[in-house]
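Coordinate inspection notes
Now for the letters of each chain:
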Amino acid sequence: MIENVYTEEGTTTAPDGTTLAYQTRGTGHPLVLLAGQANSHHWWDTVRDDFHPARRTITVDYRGTGASGRPEAMDGYATWQFADDVITVLDALGIERADLYGTSMGGRVAQWAAARHPGRIRRLVLGCTSPGGPHAVERDAEVRHALARTEPGAAEEALTDLMYTPAWRASHPGPYNTLGDPSMPPHARRGHLRASSGHDAWDALPYIMAPTLILHGDQDRLTPPDNVPLLASRIPDAMTLMFPGARHAYFEECRAEAGTAVVRFLKGAPL
C-alpha cells in the first residue's frame, strides 16, 4: 500500500433520502471506481493503489451495501438509480467531471452514468460487463445452477471459481473481496439482483460520448466475453482489450496488465 496518501470518507444524501457513503484516496484528476453486484467499495481494495498517487480515486458504497442506506422498497434499486447516486456523490465533492471505471454490475452502472450525464464523464472504462436486456449474451444454465446451489458454501465456491483461475487461487488463497458484502440484509441482496438482471442500456449506449475502453477476460463465464463486441458496436469509437486465460476478476488476476492499460488509456496514451 502506498503510504501518506490523502484519504477521506463521507456521506451525502440522494434525492429520495437514501444515505450514500463514499471514500476518496489520493490526489489528482478524479477516477470513480464502481464495484460489482452486492459489493461495497472493498471490491477495489487490492488494486486501488495502482492508480495513486497520480489519480484521486473515489469509491461509492451502493445503496444496500457498506455504510450507505438500505431502502426497503425494491424500486430504489436499479442500475440507472445507482448511476444517479454516483452523480450525487460527485456533486457533494464539488467535482464537475471525472473518469469512470466500472466492473461487472459497476460497468452497467457506468453505462448509465455516461449516457445520462455525458458532461460529467471525461473517459470511461467498462470491465467484465454487458449491455443487458435481450441483446446481451447471458451466462449458461450450468453457471446459473451452480450459483443457486443451497448446500453450505457451494454457491460461494462456485462464484470464487468463476472469478479466478485455479492457478491464481493457489498462490492467492484469499480472503477475496469480490464475493459480496457480508453485511447486506436479504432485501438489499434481492434489490441488487433485481437491478443487475433488469439492466438494459442497449438504446442508451450510442449516447455515450466519452472515449471508452472495454476490458474482459476471455475465459469469463459469469459475463461471457461475447458481450464485448456488442458493447463496442453500440458505443461510438470504443476500444477493446481482452486478457487471455482470465476469468471474471481479470482486474486482480491480470493486475499489472489491466492497471497499466487503464492508466495509459486515461492519459490518452496508446495501449
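The structure we're discussing is the one just above.
If you're wondering where the values come from, they're calculated on a predicted model, not measured in any experiment.

**Describing the overall build of the protein**
Along the backbone of the protein there are nine helices and eight strands. For 271 residues, the compact-globule estimate of 2.2 N^0.38 gives 18 Å, and the C-alpha radius of gyration of the protein, at 17 Å, lies within 12% of that figure. Dimensions of the protein along its principal axes, counting C-alpha atoms only, are 45 × 45 × 45 Å. Looking at the 271 residues of the protein, the share that counts as buried comes to 55%. Considering only contacts within the protein whose residues lie at least 6 apart along the sequence, 74% involve residues at least 24 apart.

**Here's the deal with the pairing of strand β3 (residues 29–34)**
Put simply, side chains in a regular strand alternate between the two faces of the sheet. Most of β3 is tucked away, with five of its six residues classed as buried. Note that β3 and strand β5 (residues 98–103) share four bridges and pair parallel. Residue pairing in the sheet places L33 in a bridge with Y101 of β5.

**Things to note about empty space enclosed by the protein**
By the definition in use, this model includes one cavity of 30 Å³ or more. The computed volume of the largest cavity comes to approximately 50 Å³. Together, W44, V47, D50, F51, Y101, F251, R255, A258, G259 and V262 line the largest cavity. No other element matches helix α9 (residues 255–267), which puts four residues into the lining of the largest cavity. Classifying every residue of the lining of the largest cavity gives seven nonpolar, one polar and two charged.

**Let's talk about the side chain of R55**
Along the chain, R55 turns up in strand β4 (residues 55–61). Here D99 takes part through its side chain, which lies 2.4 Å from a polar atom of the side chain of R55. Excluding residues within four positions of it along the chain, R55 makes contact with R25, G26, T27, G28, H29, P30, L31, D99, R122, L266 and K267.

**Examining the nonpolar core**
Y101, L124 and Y250 are the most contacted members of the largest nonpolar core, which totals 73 residues. Setting aside anything within four residues of it in sequence, one finds L124 in contact with L100, A110, A114, I208, A210, P211, T212, L213 and F265.

**Concerning the layout of surface pockets**
Computed from the structure, the largest pocket encloses a volume of approximately 890 Å³. As for the largest pocket, its lining consists of 36 residues, and the residues nearest its centre are Q37, R139, L147, L193 and L222. Elements with a contribution of two residues or more to the lining of the largest pocket: α2 (105–116), α3 (141–147), α4 (154–163) and α6 (186–197). With five residues, α6 is the largest single contributor of residues to the lining of the largest pocket.

**Remarks on the sheet that holds strand β6 (residues 121–127)**
Within the open sheet, the eight strands sit side by side as β1-β2-β4-β3-β5-β6-β7-β8. Their pairing is mixed. Here the strands that pair on one side only, and so sit at the sheet edges, are β1 (7–13) and β8 (239–243). Strand-to-strand twist across the sheet, computed as the mean angle between neighbouring axes with direction ignored, equals 20°. With five bridges connecting them, β3 and β4 associate as parallel partners.

The rules we used
- Residues numbered from 1 in each chain as written.
- Predicted model: local features only at pLDDT ≥ 70, side-chain atom pairs only at ≥ 80, totals over all residues.
- Heavy atoms only, no water.
- Helix = DSSP H or I, 4+ residues; strand = E, 2+ residues; numbered from the N terminus.
- Rg over C-alpha atoms; globule rule 2.2 N^0.38 Å.
- Buried < 20%, exposed > 50% of the residue type's maximum accessible area, 1.4 Å probe, protein only.
- Contact = heavy atoms within 4.5 Å.
- Pairing = 2+ DSSP bridges.
- 1 Å grid on protein atoms, 1.4 Å probe; cavity = no way out; pocket = protein on both sides within 12 Å on 5 of 7 lines; lining within 4 Å.
- Points joined across faces, edges and corners; volume = space filled by probe spheres on them.
- Nonpolar A, V, L, I, M, F, W, Y, C, P; charged D, E, K, R; others polar.
- Polar contact = N/O pair within 3.5 Å; in protein donor to acceptor, adjacent residues only side chain to side chain.
- Core = buried A, V, L, I, M, F, W, Y, C linked by side-chain atoms within 4.5 Å.
- Axes fitted to C-alpha atoms, helices over the stretch in contact; angles between N-to-C directions.

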